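# Tertiary structure, described
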Amino acid sequence: MSKLTLDRILHTQGFGTRKWCRELIATDEVTIDGVVFNDTNTPIETGGLEFTIFGKCWTFREHVYIALNKPANFECSRKPSHHPGVLTILPDQFTRRDVQPVGRLDHDTTGLLLMSDDGAFIHTQSSPKHHVPKIYIATTHDPVTPDLIELLLKGVKLHDEPAPLAAENCRMIDTNHLEIVLKQGKYHQVKRMLAAADNHCTALNRSQIGNLKLDELGLAPGEWCYLNEAQLAQLAPPFIKRI
Ligand code: URA
């Protein structure tokens, strides 16, 4: 880890400009170990540093890795047009430290969304070469049939895609629900695959990325958490072979 002055630390953590952070410190709003800290000259160790601002406790994090249970009617785009952006769900300082969604879910898709300010992590996780399997639960308009499952596994031709796209795995949950595993992340892929198979997706939830399961994070819609190292390791191979 490294040593930084407190105003720089607060700035790196997204609490505002250096000037604003110095003001917070000068007005005794920042404590470390329960004691007001207003020295902005001495570099302090950032590793494991905990501090409070306006009475709320924060831990220094070089980068943040976040899992959000995305509710419906939020957009993943940086410049949302019809619905609020997912970043509005998180504390403001995450926007200031450039936290971004890892890939995108449609505004009406719910479930597991990763967010981070670590460019290398975002790049690896979104890279088609990384092949992180993603599991979705789709609600279908028409009943799920063995033929539908077979077609999705065999591959369907989508407009603008040179070759048919196939599900990595797919199974019926009940009459109008199926679980589908995809390794690609094409635009509206699940919805378009279901439409190409003559059905229609009426609701979509992402339940798992790699081996990281939304269920096990215990997040209600709209809730988020930091991911720890063990949870991050679940996003790297080896992945589950079957569902
Ligand atoms: N496939 C879709 O159709 N929409 C999503 O949001 C994700 C995958």
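Throughout what follows, the structure given in this document is the object of discussion. (Residues numbered from 1 in each chain as written. Predicted model: local features only at pLDDT ≥ 70, side-chain atom pairs only at ≥ 80, totals over all residues. Heavy atoms only, no water.)

This part covers the site of the ligand. The full set of residues close to the ligand is Leu105, Asp106, Thr109, Tyr136, His188, Gln189, Val190, Lys191 and Leu204. Between the ligand and Asp106, the relevant distance is 2.7 Å, taken from a nitrogen atom to a side-chain nitrogen or oxygen of the residue. His188 places a polar main-chain atom, nitrogen or oxygen, 3.2 Å from an oxygen atom of the ligand. Burial of the ligand by the protein amounts to 95% of the accessible area it has alone, namely 240 Å². Put simply, the ligand lies in the largest pocket. In terms of residue class, the shell around the ligand is built from four nonpolar, three polar and two charged. For the shell around the ligand, the two domains that each supply at least three residues are domain 2 (65-129 + 211-232) and domain 3 (133-209). (Near = heavy atom within 4 Å. Polar contact = N/O pair within 3.5 Å; in protein donor to acceptor, adjacent residues only side chain to side chain. Areas by Shrake-Rupley, 256 points an atom, 1.4 Å probe, with all protein chains shown as cover. 1 Å grid on protein atoms, 1.4 Å probe; cavity = no way out; pocket = protein on both sides within 12 Å on 5 of 7 lines; lining within 4 Å. Sits in = over half its atoms within 2 Å of the grid points. Nonpolar A, V, L, I, M, F, W, Y, C, P; charged D, E, K, R; others polar. Domains from an automatic or database assignment.)

Moving on, we get to the pattern of salt bridges. Following the criterion strictly, the structure yields nine salt bridges and no others. With its nearest N and O atoms 2.7 Å apart, the salt bridge here joins Lys191 to Asp106. Of this pair, Lys191 sits in helix 6 (residues 189-196) while Asp106 sits in the loop between strand 8 (100-101) and strand 9 (110-116), and the two are 85 residues apart along the sequence. On the basis of relative accessible area, Asp106 is assigned to the buried category, the value being 18%. The salt bridge involving Glu179 is made with Arg171; its shortest N-O contact spans 2.9 Å. (Salt bridge = Lys/Arg side-chain N within 4 Å of Asp/Glu carboxyl O. Helix = DSSP H or I, 4+ residues; strand = E, 2+ residues; numbered from the N terminus. Buried < 20%, exposed > 50% of the residue type's maximum accessible area, 1.4 Å probe, protein only.)

For the rest of this paragraph, the subject is empty space enclosed by the protein. For the coordinates displayed, the defined rule picks out one cavity of 30 Å³ or more. By volume, the largest cavity amounts to about 70 Å³. Considering the residues around the largest cavity, the lining is formed by Gln13, Phe15, Phe51, Trp58, Thr59, Arg61, Val64, Gln93, Phe94, Arg97 and Tyr226. When residues of the lining of the largest cavity are sorted by domain, at least three fall in each of domain 1 (3-59) and domain 2 (65-129 + 211-232). (Points joined across faces, edges and corners; volume = space filled by probe spheres on them.)

Okay, the sheet that holds strand 5 (residues 50-53) next. Neighbouring strands of a sheet are bound in pairs by backbone hydrogen bonds; such pairs are parallel or else antiparallel. Ordered by their spatial adjacency, four strands build an open sheet running 3-2-5-6, and the pairing between neighbours is antiparallel. Every other strand in the sheet has two partners, leaving strand 3 (35-36) and strand 6 (56-59) as the edge strands with one partner each. Relative to strand 3, strand 2 (residues 30-32) runs antiparallel, the two being bridged by two bridges. Note that in strand 3 the partner of Ile32 across the bridge is Val35. (Pairing = 2+ DSSP bridges.)

This brings us to the environment of Asn169. Positionally, Asn169 belongs in strand 11 (residues 169-174). Once the C-alpha coordinates of Asn169 and Trp58 are considered, the two residues, 111 residues apart in sequence, prove to be 41 Å apart.

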